[in-house]
Amino acid sequence: MPEQAETTARAERFWNPYVAGVALGLVLLASLLVAAHGLGASGAANRVGVTALSALAPAHVASNPHMATLSAGGHHPLDNWLVFEVLGVLLGALVAAYSAGRLKKKIVRGPNISVPWRLAAALGGGIVMGIAARLARGCTSGQALSGGAMLSAGSWVFMLAVFAGGYAMAYFVRRQWR
Amino acid sequence: MNEIVRVHHNPLSALGQPVWHWEIPVYLFLGGLAAGVMIVSALLARRFADGGADASETSQRSPWGRLMILAAPAALWLGMFALLLDLDLKRHVLRFYTTFQLSSPMSWGAWILLAIYPATLLFGLSQTTESERDWLAAKLRIGALRRILEGLHSWAQQRQRTLTWANIALGVALGAYTGVLLGALGARALWSSSLLGPLFLVSGFSTGAALTMLLPLTHREHALLRNWDMIAIGVELALLALLFVGLVSGAQAGQRAAALFLGGRFTAIFWALVVVAGLVVPLALESIEVLRRRRAALVAPVLLLVGGLALRWILVVAGQSPLG
Amino acid sequence: MSAIATFLAEHRELGLLVALLLGFGFGFVLERAGFGRADKLAAQFYGSDMRVFKVMFSAIVTAMLGVMIAHGAGVIDLRPLAEQTASFTWLWPMALGGFLLGVGFIISGYCPGTSVVAAASGSIDGMFTIGGVVIGSVLFAEAWPLVGDFYKSSELGHLFLYDVFSIPAPVLALLVALMAVGMFIGAEKLEHVLARRRREGGVVDDGQSRALEVDWAPRPRRLIFGGIGGFAVLGLVALAAPERPKAAPARLGSITQAELARRVLDRPWTLRVLDLRDAAACAKRRVPGAECVPETKLGALGLAYAAGKRDLVLVGAGDLAVLPPAVTRYPGKVLRLRGGFAGWKAYALTKPAALAAGADAAARAEWTFRSALVAAMTGRKAAPPPPASIKGYAPKRKKKKGGGC
């Protein structure tokens, strides 16, 4: 990195949660009205995984009924609404973090956990969420947020279950965060 | 009397069989990168030479910034290796050098490429310090090398001005040649635009600056590169707009080629990867860096490099695809 | 669907670019909300900071009320939009999936969406979580033979809370908004109580910033509560607005054989002809360009989501007595062919009777047209039957499998 002579401003504060929530709701509303599509995330991760796997073992992917549906319609698995949306999420978060002075290589962890354990927890939790999101046909963005705003019964069941799962597990992993 | 329109779409590509795969875009990208590094390094050296020999902080140069030009021959070598993989008849390479045709860009390009190696290496050598030359000679354990290096160094330093301009000129030639090459190789409506040369040149400049900005530079070096890069991105966006305006208002084949990017099957990937992720977002990040005095981040240069590769890749693939 | 959404559905590539822009806004707001920070997210589950809850529910309430207002203003139709954007309800898979997602959330500190935001702001742990989500998705697909049956179990179709409770949707939306405001107040109280014994939260391993969170000023809070209240009132107005008659009489009509013949020959692109007779009869002979769609399969066409630019022409065996319910939601014109296929056969496939001597010019022109028509229709070999499914206009189907997220 260049040795900067310029003074670096301190990281900005986060937005008021209600302001942020309404802004988030307006983005979601725009998505529902303009694109007739909810916002999502885990669907794109699924497509990335299947693409990577099909590069290694194409026949295997084609024979799996769950994965084969992703390239239905003749489009590449990555040629998809959610993939472009998540690319946008990446860029938007990048610009937001940089302009707020928060773009920095870091590992966010609790005070009593070592770096390797934190990274193992991040990976392991991710794997559990990957399985969970496929089972529920979506994650907190696609099911809870988008489906919840459309008052879908399944989405509200999902959302309550997420909070239940989080609170149920919180006690057992408190060493990680406290 | 009937006018014969020569701008047509190659029937080979209409069959839907792409002739070129990853090798050509990678070659074009690395060639543009080498051109950009040459121009950027030469311009930087010129800027700092003006400052005189005073040892104030602003005239300090980082070793990375000084020696960056050596990345140009390396990138070019890699690119030519990729090109070689693409050639069916590898031995034919030599034929480029046994004939010279004034009207053939490929022939021109072959000779430009050949001139770049000595130009960049000599320029790089002229930028070295004595201890760096000592280190190199000691590392290679060749006794005579020490004297040869010193001789070449003083020869090159006396011709510093000439070498600087030679590197800028060769860089511009190489950068434009990577764009003209596409138009010369296939009669595709998309590639025959005369704007492709300038477009690839400016994009190459931007990627060259981006690659340099990945290194630990001094503050002034970085600020200069960043400002040049912001101008280059602006020019590149304007050239892209002109390219499409030209295609849309031109012959029918051109209109159909432009339609691939204006609603056709390359629309989303082109605008997302090349324009938004590869140009607009880096420009925004660099503007924020200036306006809000943020520490420079490596992300903007990385995005520029990705966008530069995507530009060439998509143009090469789209040029070979059947028109919709 | 709104007019823009219809336009985007027809221009797929443009729709993808809109997705990019919407995602940009989504990522920007998530980052500014603090959702790129695992410690902030995890704090939700230790009661010290209810940020996740507040942001999520303000967002849901905002979008929900916005959709209700758009519905009341006639911009969209609630149910078709809801059916397109939300997935089916599979009760137990979703409950278990949600529970597991919550478990993974507190272990990793992120949810799949926020891990992308964290990675974009430089968190290595966020990148690891993304990798985990990718691996987990693939593992799920690999385990398909084991989990497939459960995955498809307890399918309840499209089920919305207003159906479950049998309350009109805007009323339910109001109730949800009121409940959310009540829970916001409760969350503030809870935070206040817990704040007294709050300890320092997590550390951020960037060697520099440690204290980041300063409590935000209370004024915007009142502003937002006021805003939600105002929004809710607007929702009430939307509710009070009379249900607009959706099936305007002008949209439904009929078409004579002569009109149809001329349009099929001159402007076939303005029409979409659906032959509702059984497949065998239709495959044998039909109006040129017609799709063979037996009445039972009409639902699969997703006519409610079609653009509606082309006029829909329905061909029955004879006159169609009742309009099938699936076509009434077609946004464009729906025309019944008078006399059905029998009438068409008599008009376009049977030679016209010889013209009486002394017929006027109009009758002569009509006769010439009919003879030409019959010659064209019968002299030509029947084209192979076109596929019945229509590309791109059945988004519901695709959605079910991919998952909404």
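Quick caveat, the model's predicted, so the values are computed rather than measured.

Student: Give me the overall build of chain C: which residues, what numbers.
Tutor: If you tally the helices and strands in chain C, you get 18 helices and six strands. Buried residues in chain C amount to 45% of all 405 residues. For chain C, the proportion of contacts with a sequence separation of at least 24, taken over those separated by at least 6, is 65%.

Student: Give a detailed account of the overall build of chain A, specifying residues and quantitative values.
Tutor: Secondary structure summary: chain A contains nine helices and one strand in total. Order of helices (α) and strands (β) in chain A, N terminus to C terminus: α-α-α-α-α-β-α-α-α-α. Taken over the C-alpha atoms alone, chain A extends approximately 55 × 40 × 40 Å along its principal axes. Restricting the contact set of chain A to residue pairs at least 6 apart, pairs at least 24 apart contribute 59%.

Student: Which residues make up the interface of chain B and chain C, and what values go with them?
Tutor: The accessible area lost on association of the parts is a frequent measure of interface size. Listed by partner, the interface residues are eight residues for chain B and six residues for chain C. Residues of the side of chain B that touches chain C, tallied by class, amount to four nonpolar, three polar and one charged.

Student: An account of the interface of chain C and chain A is requested, with residue identities and associated values reported.
Tutor: At the junction of the two partners, chain C supplies 130 residues and chain A supplies 123 residues. Per-class residue counts for the side of chain C that touches chain A are 82 nonpolar, 36 polar and twelve charged.

Student: Outline the domain arrangement of chain A, supporting the account with residue identities and numerical values.
Tutor: Residues and elements named next belong to chain A. The domain boundaries assigned to chain A delineate domain 1 (6-106) and domain 2 (108-178). Centre-to-centre separation of domain 1 and domain 2, based on C-alpha positions: 17 Å. Between domain 1 and domain 2, the residue contacts involve ten residues of the former and twelve residues of the latter. Tallying contributions element by element places helix α2 (residues 42-56) first for the side of domain 1 that touches domain 2, with four residues. For the side of domain 1 that touches domain 2, a count of residues per class yields four nonpolar, five polar and one charged.

Student: Explain the sheet that holds strand β4 (residues 291-292) of chain C to me, and be specific about the residues and the numbers.
Tutor: All names here are of chain C. Sheet architecture is open: five strands sit in the order β2-β6-β5-β3-β4, paired in parallel fashion. Each edge of the open sheet carries a strand with a single partner, namely β2 (252-255) and β4. Of the strand pairs in this sheet, strand β5 (residues 311-315) and strand β6 (residues 334-337) are connected by three bridges, and their pairing is parallel. Looking at the pairing, Leu312 lines up with Val334 of β6.

Student: Give me the nonpolar core: which residues, what numbers.
Tutor: If you look at the biggest cluster of nonpolar residues, it comprises 236 residues, and the most contacted ones within it are Ala93(A), Val37(B), Ala272(B) and Met64(C). With 16 residues, the top contributor of residues to this core is helix α2 (residues 23-50) of chain B. Those residues in contact with Ala93(A) that lie beyond four places of it in its chain are Gly27(C), Phe28(C), Leu30(C), Glu31(C), Gly36(C), Val116(C), Val117(C), Ala120(C) and Ser121(C). Counting residues in hydrophobic clusters, the runner-up holds 31 residues, among them Ala306(C), Val313(C), Trp344(C) and Ala348(C).

Student: So what's going on with helix α11 (residues 169-195) of chain C? Residues and values would help.
Tutor: In a regular helix each residue adds 1.5 Å, so 27 residues correspond to 39 Å; α11(C) covers 38 Å between its end C-alpha atoms and thus fits that length. Looking at α11(C), one finds that the buried residues are Ala169(C), Pro170(C), Leu172(C), Ala173(C), Leu174(C), Val176(C), Ala177(C), Ala180(C) and Phe184(C).

Student: Hey, could you go over the packing of helix α10 (residues 196-213) of chain B against helix α14 (residues 299-320) of chain B for me, with residue numbers and the actual values?
Tutor: Relative orientation and spacing of two packed helices are given, respectively, by the angle between their axes and the distance between those axes. Residues and elements named next belong to chain B. It is the contact of α10 with α14, at a shortest axis distance of 8 Å, that shows an interaxial angle of 145°. Crossing angle aside, the handedness with which α10 passes α14 is left-handed. Together, Ser203, Ser206, Thr207, Ala210, Leu211 and Met213 of α10 and Pro301, Leu304, Leu305, Gly308 and Leu311 of α14 make up the contact between the two elements.

Student: Quick rundown of helix α13 (residues 257-266) of chain C? Include the residues and the values.
Tutor: Among the residues making up α13(C), those that are buried are Gln257(C), Leu260(C), Ala261(C) and Val264(C). End-on view of α13(C): buried residues confined to an arc of 100°, all on one side of the axis.

Student: Let's hear about the confidence of the model for chain C: which residues, and what values?
Tutor: Detailed reading of the predicted coordinates is not advisable wherever pLDDT falls low. Residue and element names in this part refer to chain C. Of the residues in chain C, 79% have a pLDDT of 70 or more, and the chain-wide mean is 80. Here residues 242-249 is a poorly scored stretch, pLDDT under 50, and it has three contacts once near neighbours within four places are set aside; other chains count. Across residues 381-386, confidence stays below pLDDT 50; counting only partners more than four residues off in sequence or on other chains, it has four contacts. Scored as a whole, the predicted complex attains pTM 0.76, and scored at its interfaces, ipTM 0.92.

Student: Could you give an account of the environment of Leu225(B), with specific residues and numbers?
Tutor: Residue and element names in this part refer to chain B. Structurally, Leu225 can be placed in helix α11 (residues 219-248). By C-beta crowding, Leu225 is classed as buried, having 24 other C-beta atoms within 10 Å. Considering only alpha carbons, one finds Leu225 and Gln255, 30 residues apart in sequence, at a separation of 37 Å. Among residues more than four places away in sequence, those in contact with Leu225 are Val40, Ala209, Thr212 and Met213.

Student: Could you give me a rundown of the pairing of β6(C), with the residues and numbers involved?
Tutor: Residues and elements named next belong to chain C. Residues Val334 and Arg336 of β6 are buried on one face, and the alternating residues Leu335 and Leu337, pointing to the opposite face, are buried as well. As paired elements, β2 and β6 share four bridges and run parallel to each other. Its bridge partner lying in β6, Ser254 is registered against Arg336.

Parameters and conventions
- Residues numbered from 1 in each chain as written.
- Chains lettered and ligands numbered in written order.
- Predicted model: local features only at pLDDT ≥ 70, side-chain atom pairs only at ≥ 80, totals over all residues.
- Helix = DSSP H or I, 4+ residues; strand = E, 2+ residues; numbered from the N terminus.
- Buried ≥ 20, exposed ≤ 12 C-beta atoms within 10 Å, placed from the backbone.
- Contact = placed C-beta atoms within 7 Å.
- Nonpolar A, V, L, I, M, F, W, Y, C, P; charged D, E, K, R; others polar.
- Domains from an automatic or database assignment.
- Pairing = 2+ DSSP bridges.
- Core = buried A, V, L, I, M, F, W, Y, C linked by C-beta atoms within 7 Å.
- Expected span 1.5 Å × (residues − 1).
- Axes fitted to C-alpha atoms, helices over the stretch in contact; angles between N-to-C directions.
- Left-handed = near helix turned anticlockwise from the far one by under 90°.
- Arc of directions from axis to C-beta.
- pLDDT = per-residue confidence, 0-100.

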